[in-house]
Amino acid sequence: MRNPLLVNALEMLRRPGTQKVVSMSVAPALLDIDDARLLPGHEIEVDLLCESLSDGVVVDGAVRADFRGDCRRCLAPLTGTVTVDVHELYQVNLTDPDAFPIENDQIDLGAMVRESVLLDLPDAPVCRPDCAGLCPVCGIDRNEARCSCVTASPDPRWAGLEAIRDQLPE
Ligand SMILES: [Zn+2]
Ligand SMILES: [Zn+2]
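Here's a quick rundown of the structure. (Residues numbered from 1 in each chain as written. Chains lettered and ligands numbered in written order. Predicted model: local features only at pLDDT ≥ 70, side-chain atom pairs only at ≥ 80, totals over all residues. Heavy atoms only, no water.)

Details of the coordination of the zinc ion (ligand 2)
Moving on, step 1. The zinc ion (ligand 2) binds to the protein through Cys 135 (SG), Cys 138 (SG), Cys 147 (SG) and Cys 149 (SG), with metal-donor distances spanning 2.3 to 2.4 Å.
Moving on, step 2. Given four donor atoms and angles of 106 to 113° at the metal, the environment of the zinc ion (ligand 2) is assigned as tetrahedral.
Moving on, step 3. Assessed through its relative accessible area of 31%, Cys 147 is described here as partly exposed. (Donors = N, O, S within 2.8 Å, 3.2 Å for Na, K, Ca; no water. Tetrahedral: all angles 85-135°; square planar, octahedral: opposite > 155°, others 65-115°. Buried < 20%, exposed > 50% of the residue type's maximum accessible area, 1.4 Å probe, protein only.)

See the structure below:
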């Protein structure tokens, strides 16, 4: 499959300061991404500005992907969107250890987008920041109901009082 995020940098490198906007939606499969966390049927949105220097190209912008998952506290299914800010450098002669290579006068934004998305998809999302989760004893959803389970470990001082009370005559 052709990588839609392959950008020809030849002309750009000849004239430093040349800008190229790359704005598109890409099917994950085209970027060789097969990840169960991605929301099926949704494309990855790419909004990038490429600007050439004398010896490379700076890429700035954002990449967005919709994800799905189960809340790590209450296990409810959830969906969300990650937005990854992108600031990357592509170089013909790699002098920056963090730079991506320019090969055959081309910039492969696909590899960078793929890396950014996979790094930022959440492994353990929460449905909302204040999700109360499930009761570890009875499993009730504490967002919707209350239970009277004792989940804190018993206070040893109370245990001592209980022992004394057991010894008292009725
Ligand atoms: Zn939750
Ligand atoms: Zn409970």
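Let's talk about the pairing of strand S4 (residues 56-70)
Moving on, step 1. In this sheet, S4 lies alongside strand S3 (residues 44-52) in antiparallel orientation, the contact comprising eight bridges. Opposite Leu 48, over in S4, you have Gly 61 as the bridge partner.
Moving on, step 2. In this structure, the hairpin formed by S3 and S4 is closed by a connection of three residues.
Moving on, step 3. The pairing of S4 with strand S5 (residues 77-91) spans 15 bridges and is antiparallel. In the strand pairing of S5, Asp 66 is matched with Thr 81.
Moving on, step 4. Turn length for the S4-S5 hairpin, with the two strands adjacent in sequence and antiparallel, is six residues, and the turn residue Leu 75 shows positive phi of about 70°. (Pairing = 2+ DSSP bridges. Helix = DSSP H or I, 4+ residues; strand = E, 2+ residues; numbered from the N terminus.)

Brief notes about the environment of Ser 25
Moving on, step 1. The topology assignment puts Ser 25 in strand S2 (residues 19-26).
Moving on, step 2. For Ser 25, a relative accessible area of 42% corresponds to the partly exposed category.
Moving on, step 3. Along the chain, Ser 25 and Val 63 lie 38 residues apart, while their C-alpha atoms are 9.7 Å from each other.
Moving on, step 4. Not counting residues within four places of it along the chain, the set of residues in contact with Ser 25 comprises Glu 43, Ile 44 and Glu 45. (Contact = heavy atoms within 4.5 Å.)

A few points about the pattern of salt bridges
For side chains of opposite charge, pairing can occur when their charged atoms come near one another.
Moving on, step 1. Scanning the entire structure with this criterion turns up six salt bridges.
Moving on, step 2. Among the salt bridges present, the one from Arg 37 reaches Asp 35, with a minimum N-O distance of 2.9 Å.
Moving on, step 3. For Glu 45, the salt bridge identified is with Arg 64, shortest N-O distance 3.7 Å. Of the two residues, Glu 45 is situated in strand S3 and Arg 64 in strand S4; the sequence distance between them amounts to 19 residues. (Salt bridge = Lys/Arg side-chain N within 4 Å of Asp/Glu carboxyl O.)

Treat this as a map of the structure, not an account of what it does.
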